Amino acid sequence: MQSSSNTRTVRIFRYDPEKGGEGSFLSYTLDIPDPDTTTILDVLLRIQKEQDPSIAFRFACRVNMCGSCGMVINGREGLACKTNVCDLPAGQDITLRPLNHFPVIKDLVVDMGPFFAKYEDALPFFEPREKRDEPYVIKPDDQNRVDIGMATDCIACGCCVSSCTMVDSHEGYCGPAALNRAFTLLADERDALFEARLTKALDSCYNCRTEFNCTEVCPKSISGTRAIKYIQRLALKNLKAVKPLPPHPAELAGQEAAEKSAPAPAGQGETAAEARSGRTAEDTRPRACYASDASRRSFLKGAGGLVGAGIVVSLGAVLGVSAVGPTLGNQPSQWVNAGPEKDFPVGGITSVTLHYKRSQAFHSEEKEVPVLVRRDSEQDFICFSSSCPHLGCAVSWDELSRRFKCACHGGAFDRDGKVIAGPPPSPLPRLPWKLENGILKVEVV
């Protein structure tokens with residue numbers, strides 16, 4: 001369906017636990033005069049306040065930090081507080097539904113219990129290898145710190161798990177968020193649980209099909225796929241550290257169900273057709289899904305261990321070099337159009353969103369990066385990153401106070417980007433720029 005330019009039809013999934021059933025979509029009409037600054041969370045709050053107070057959804061921080069408002073927006077996972085109406089195709093209806101693979105509590109609210117239960121499976125806690133009276137000193141340019149990079153910024157919103165097609169097919173699969181957490185700890189040489197954590201994480205890595213869905217939707221630009229490939233590469237380097245695991249409870253349940261449905265011994269319960277063919281119901285019944293998973297896990301330890309190890313090393317080397325190696329290195333920079341110079345008034349500060357494509361190994365993603373542009377004269381610009389150096393929160397220019405503000409932690413910067421209040425440890429980062437044929441271009445990575 002189509003909506004007018006300012007008036008949009010918003011279709012929201014509704015489910016009432018008292019009524020049960022499959023749930024359904026209800027449509028609401030809303031006038032949105034400024035889609036550039038109106039978020040999907042703003043839309044929901046307005047509908048709840050002006051039209052239907054019974055709509056249920058979660059939110060807390062409103063600044064892309066807590067992950068509470070994760071949902072599926074026009075078929076793609078995202079945070080309601082981060083997604084602006086202008087990010088969605090103009091003229092189309094806005095469709096909102098709860099995250100996939102989660103039990104729905106009410107409307108857009110899902111039960112995150114299964115998510116955190118699987119998070120626990122990956123041993124997400126840090127266990128120090130040695131006790132120290134003084135804290136570790138880790139430099140920002142330390143290679144171990146560089147390797148994990150943005151992976152520590154995960155806010156556990158569940159968007160990656162919702163987008164993963166494998167989560168619903170494998171009961172024991174921890175999911176991208178848990179494996180990303182395991183990756184950050186496996187890369188930490190101070191941790192004492194390397195062998196146990198690697199074994200637990202690798203067990204779930206078998207179920208990843210490298211579809212990059214988790215990487216595409218992460219609101220923090222974290223690549224769950226990269227984390228999974230890193231764990232697989234670690235396993236290749238530390239084959240002796242990988243210990244056999246007992247069957248997952250889901251596998252045991254499948255095995256028990258299969259044993260209960262097994263027929264009587266041959267000759268006691270055979271049908272005439274089975275006796276003629278020489279096959280029994282045991283031969284023809286579907287094999288439980290746990291069998292293939294168990295064989296993959298035990299491949300390196302079983303009779304085909306040497307052959308299996310050779311194949312895995314060969315394939316893993318290719319995957320490690322092509323999927324992990326390039327993403328651990330420096331990404332090439334590129335110049336992106338910010339807009340015609342006439343769009344930036346002299347003496348003013350303008351917010352603009354850069355749209356460009358970034359490639360990591362054999363994966364490409366569309367990036368949307370907001371930038372704050374200060375123009376002091378006809379030929380003099382300063383381009384600030386709008387990401388706060390404290391925790392990456394969104395920074396905006398407040399004309400009333402004449403300062404840059406970070407709404408999340410009370411950080412404030414003057415017109416030069418220098419810290420004047422709050423916790424930010426450094427000034428706003430400045431981005432290289434140039435004028436080319438009347439177009440302002442900004443260099444990004």
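In case you missed it, the structure is sitting above this.
Below you will find a few notes about this structure. Predicted, not measured: the structure shown is a model, and the values here were computed from it.

Their axes nearest at 10 Å, the elements helix α5 (residues 176-186) and helix α6 (residues 194-205) cross at an angle of 150 degrees. With respect to each other, α5 and α6 are oriented roughly antiparallel. Our pair here, α5 against α6, has a crossing hand that is left-handed. Within the contact between the two elements, α5 uses Leu179, Ala182, Leu185 and Leu186 and α6 uses Phe194, Arg197, Leu198, Ala201, Ser204 and Cys205.

Turning our eyes to something else, we now look at unusual backbone geometry. One non-glycine residue, leucine 123, lies in positive phi territory at about 50 degrees. Within the fold, leucine 123 resides in the loop between α2 (113-121) and α3 (143-148). On the basis of relative accessible area, leucine 123 is assigned to the buried category, the value being 17%.

Moving on, we come to the packing of α5 against helix α8 (residues 224-237). Close contact between α5 and α8 brings their axes to 8 Å; oriented N to C, the two are set at 50 degrees. Relative to α8, the element α5 lies oblique. Between α5 and α8 lies a crossing of left-handed hand. Residue-level inspection shows Leu179, Asn180, Ala182, Phe183 and Leu186 of α5 in contact with α8, the latter providing Arg226, Ala227, Ile228, Tyr230, Ile231 and Leu234. Here the contact of α5 with α8 is composed, by residue class, of nine nonpolar, one polar and one charged.

Attention now goes to the packing of aromatic side chains. With the rule as written, the count across this model stands at 11 aromatic pairs. When the ring of phenylalanine 102 is compared with that of phenylalanine 115, the centres are 6.3 Å apart and the planes differ by 40 degrees; the resulting orientation is tilted. With a gap of 13 residues between them, phenylalanine 102 in the loop between β5 (94-97) and β6 (104-106) and phenylalanine 115 in helix α2 connect regions that are remote in the sequence. Summarising the burial analysis for this pair, phenylalanine 102 and phenylalanine 115 share the class buried. Here the aromatic rings of phenylalanine 115 and phenylalanine 116 are separated by 4.9 Å at their centres, their planes lie at 90 degrees, and the arrangement is edge-to-face. Residue classification places phenylalanine 115 among the buried residues on the basis of a relative accessible area of 6%. Classification of phenylalanine 116 by relative accessible area gives partly exposed; the value is 40%.

Attention now goes to the sheet that holds strand β2 (residues 24-31). Reading across from one edge, β2-β1-β5-β3-β4 is the order of the five strands in this open sheet, with mixed pairing throughout. Pairing within the sheet leaves two strands with one partner each, and these edge strands are β2 and β4 (76-79). Averaged over all neighbouring strand pairs, the angle between strand axes comes to 30 degrees, with direction disregarded. Here eight bridges tie strand β1 (residues 7-14) to β2, and the two strands are oriented antiparallel to one another. In the strand pairing of β2, arginine 8 is matched with leucine 30. The strands touched by helix α1 (residues 40-50) within the sheet are β1, β2, β3 (70-73) and β5, with β2 carrying the most contacts at an inclination of about 95 degrees.

For α6, with 12 residues, the first-to-last C-alpha span of 16 Å sits near the 16 Å given by 1.5 Å per residue. Along α6, the residues classified as buried are Arg197, Leu198, Thr199, Ala201, Leu202, Asp203, Ser204 and Cys205.

Our next topic: the sheet that holds strand β15 (residues 419-421). Taking strand neighbours across the sheet as the criterion, the four strands line up as β12-β13-β14-β15 in an open arrangement whose pairing is antiparallel. Each edge of the sheet is formed by a strand with only one pairing partner; in this case those strands are β12 (395-398) and β15. If you compare each strand with its neighbour and ignore which way they point, the axes differ by 35 degrees on average. As defined by bridge partners, β12 adjoins strand β13 (residues 403-406) across four bridges and the pair is classed as antiparallel. Residue pairing for β13: tryptophan 397 is matched across the bridge by phenylalanine 404.

The next point concerns the pattern of salt bridges. For the structure on display, the rule yields 16 salt bridges. Here aspartate 52 ties to arginine 14 by a salt bridge, and the two come within 2.9 Å at their closest N and O atoms. A residue pair is termed long-range when its members are at least 10 positions apart, and aspartate 52 in the loop between α1 and β3 and arginine 14 in strand β1 qualify at 38 residues. Each member of the pair, aspartate 52 as well as arginine 14, carries the same accessibility label: buried. The residue arginine 14 makes a salt bridge to aspartate 107 at a minimum N-O spacing of 3.1 Å. Taken together, the residues span a long stretch of sequence, with arginine 14 in strand β1 and aspartate 107 in the loop between β6 and β7 (109-110) at a distance of 93 residues.

What counts, and at which threshold
- Throughout this document, residue positions are counted from 1 along each chain, in the order its sequence is written.
- Side-chain atom pairs in this predicted model are given and counted only at pLDDT of 80 or more, local residue features only at pLDDT of at least 70, and totals for whole chains, interfaces and linings cover all residues.
- With hydrogens and water stripped out, all remaining heavy atoms of the structure feed into the side-chain values.
- The convention used is that axes are lines fitted to C-alpha atoms, helices contributing only their stretch in contact, and that angles between N-to-C directions extend from 0 to 180 degrees.
- By the criteria applied, helices consist of DSSP H or I runs no shorter than four residues and strands consist of E runs no shorter than two, each listed in order from the N terminus.
- Any angle that falls under 35 degrees is termed roughly parallel, while one over 145 is termed roughly antiparallel, one within 65 to 115 roughly perpendicular, and all others oblique.
- By the definition used in this description, the sense in which the near helix is turned from the far one sets the handedness, with an anticlockwise turn below a right angle giving left-handed and a clockwise turn giving right-handed.
- Here, two residues are considered to be in contact whenever any of their heavy atoms come within 4.5 Å of each other.
- Partly exposed describes any residue whose relative accessible area lies between the buried limit of under 20% and the exposed limit of over 50%, with all areas from a 1.4 Å probe on protein chains only and scaled to the type maximum.
- Throughout this entry, Asp, Glu, Lys and Arg are counted as charged residues, while Ala, Val, Leu, Ile, Met, Phe, Trp, Tyr, Cys and Pro are counted as nonpolar. The remaining residues, Gly among them, count as polar.
- Side-chain rings of Phe, Tyr and Trp, where Trp is taken by its six-membered ring, are said to pair if the distance between their centres is within 6.5 Å; with planes under 30 degrees apart they count as stacked, over 60 as edge-to-face, and otherwise as tilted.
- Any two strands between which DSSP finds at least two bridges are classified as paired.
- The span one expects for a helix is its residue count, reduced by one, times 1.5 Å.
- Put simply, a salt bridge is a Lys or Arg side-chain nitrogen that is within 4 Å of an Asp or Glu carboxyl oxygen.

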